[in-house]
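Residue strings, one per chain:
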Amino acid sequence: MSDPNHVIFRKLLERYPDLEACAAEIFAAGELLKNAAAGGNKILLCGNGGSAADADHITGELLKSFCKKRPIDKKFKERLKDLDQDAGADLAEKLQGGIPAISLTFHNALSTAFGNDVDPNMAFAQQAFVYAKPGDVFWGISTSGNAKNVYNAALVAKAKGLKVLGMTAKGGGKLKQISDICIAVPRTETYEAQELHLPVYHALCLYVEDALW
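Bear in mind the structure is a predicted one, so any value in this text is a computation, not a measurement. (Residues numbered from 1 in each chain as written. Predicted model: local features only at pLDDT ≥ 70, side-chain atom pairs only at ≥ 80, totals over all residues. Heavy atoms only, no water.)

Chemist: Sorry, what's going on with the packing of aromatic side chains here?
Modeler: The description of an aromatic ring pair uses the distance of the two centres, along with the angle that the planes make with each other. Counted by the stated rule, this structure contains 2 aromatic pairs. Between Phe 9 and Phe 27, the ring centres sit 5.3 Å apart and the planes meet at 55°, which makes this aromatic pair tilted. Of this pair, Phe 9 sits in helix α1 (residues 7-15) while Phe 27 sits in helix α2 (residues 23-38), and the two are 18 residues apart along the sequence. Considered together, Phe 9 and Phe 27 belong to a single accessibility category, that of buried residues. Relative to Tyr 207, the ring of Phe 9 lies with its centre 4.9 Å away and its plane at 35°, an arrangement referred to as tilted. Placement of the pair is Phe 9 in helix α1 and Tyr 207 in helix α10 (residues 190-212), with a sequence separation of 198 residues. When its relative accessible area of 1% is taken as the criterion, Phe 9 is described as buried. Grouping aromatic residues by their ring pairs yields a cluster made of Phe 9, Phe 27 and Tyr 207. Across the ring face of Trp 213, the terminal group of Arg 70 is positioned such that the distance to the ring centre comes to 4.6 Å. (Phe/Tyr/Trp six-rings, centres within 6.5 Å; stacked < 30°, edge-to-face > 60°. Helix = DSSP H or I, 4+ residues; strand = E, 2+ residues; numbered from the N terminus. Buried < 20%, exposed > 50% of the residue type's maximum accessible area, 1.4 Å probe, protein only. Lys NZ or Arg CZ within 6 Å of the ring centre and 35° of its normal.)

Shown next as structure tokens:
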């Protein structure tokens, strides 16, 4: 489990004391994500509506620098410069280290085609089936915990051997039942749960970034 005394988690709980109710799950999620990222594995995310926006938001924080500089490997910088002195030098200066993360909400052509041809509740599951590799983490976001498309994707991820991280409102629904870790924030209203999800996932992204860089 992540260090509960880590400054990032201390600040989170100081600012949002209600999150003490799911503090153990937050710490465990930090360790899960850190280990996956350190091993070069992917994080697959999905949700609906505001939770879809959260999945995209998290992906953005992971793929590029968040609050710390993430310099790329010096040898790779030199390879870029050897290929093209000008463009390579520019890339070497501006590229940033990242954590492989894919938001399954983003592939509109696939999602609409699969929804039309097969079943709209299976579009995330199809992507999870194709993308998932051992060591990856599936991060499903559903305030009710009962979104069918998120649950189906979690089920596929679990069957593929992935650890499942759920993020829900109080209760957790079916997603909590299948999750290895479920952060069920202590709210029942959707918008209030989403308001607490944001500081939680910011803290998790900060923690992973701090650990790797």
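Moving on from the model shown.
Chemist: When you look at the layout of surface pockets in this model, what are you seeing that I'm missing?
Modeler: Remark: the empty space left among the atoms is shown by a probe the size of a water molecule rolled over them. Its boundaries defined by the atoms lining it, the largest pocket holds a volume of some 160 Å³. Taken together, Ile 8, Lys 11, Leu 12, Arg 15, Tyr 16, Leu 198, Pro 199, His 202, Ala 203 and Leu 206 form the lining of the largest pocket. The greatest single-element share of the lining of the largest pocket, amounting to 5 residues, is contributed by α10. (1 Å grid on protein atoms, 1.4 Å probe; cavity = no way out; pocket = protein on both sides within 12 Å on 5 of 7 lines; lining within 4 Å. Points joined across faces, edges and corners; volume = space filled by probe spheres on them.)

Chemist: Help me out: how do you make sense of the UniProt feature "domain: SIS" (unreviewed entry) in the protein chain in this one?
Modeler: Look at the UniProt record and you will see "domain: SIS" (unreviewed entry) annotated at residues 29-213. Taken as a whole, residues 29-213 contains 56% helix and 12% strand, while its terminal C-alpha atoms sit 18 Å from one another. (UniProt positions renumbered as here; feature names shortened; annotations may be inferred.)

Chemist: Honestly, the packing of α1 against α10 in this entry has me stumped. Any pointers?
Modeler: A pair of packed helices can be characterised by two numbers: the angle between their axes and the separation between those axes. α10 packs onto α1 with a crossing angle of 165° between their chain directions and a minimal axis gap of 9 Å. Taken together, the axes of α1 and α10 lie roughly antiparallel to each other. Seen along the crossing, α1 lies across α10 with a hand that is right-handed. Where α1 approaches α10, its residues Ile 8, Phe 9 and Leu 12 are matched on the opposing element by Pro 199, Val 200, Ala 203, Leu 204, Leu 206, Tyr 207 and Asp 210. Counted by class, the contact of α1 with α10 contains 9 nonpolar, no polar and 1 charged residues. (Axes fitted to C-alpha atoms, helices over the stretch in contact; angles between N-to-C directions. Parallel < 35°, antiparallel > 145°, perpendicular 65-115°, else oblique. Left-handed = near helix turned anticlockwise from the far one by under 90°. Contact = heavy atoms within 4.5 Å. Nonpolar A, V, L, I, M, F, W, Y, C, P; charged D, E, K, R; others polar.)

Chemist: Just checking my understanding: could you explain the nonpolar core for this structure?
Modeler: Among soluble globular proteins, nonpolar side chains are generally buried collectively. In this structure, Leu 19, Ile 26, Ile 43, Trp 139, Leu 165, Ile 183 and Leu 204 are the most contacted members of the largest nonpolar core, which totals 39 residues. Taken together, the elements giving at least two residues each to this core come down to α1, α2, β1 (43-46), α3 (50-63), β3 (137-141), β4 (163-168), β5 (181-184) and α10. Here this core gets 9 residues from one element, more than from any other, and that element is α10. Every residue in contact with Leu 19, bar those within four places of it in the chain, is listed here: Leu 12, Leu 13, Ile 26, Val 185, Pro 186, Leu 196 and Val 200. Counting 18 residues, the second-largest nonpolar core is a separate cluster that includes Ala 132, Val 150, Leu 162 and Val 164. (Core = buried A, V, L, I, M, F, W, Y, C linked by side-chain atoms within 4.5 Å.)

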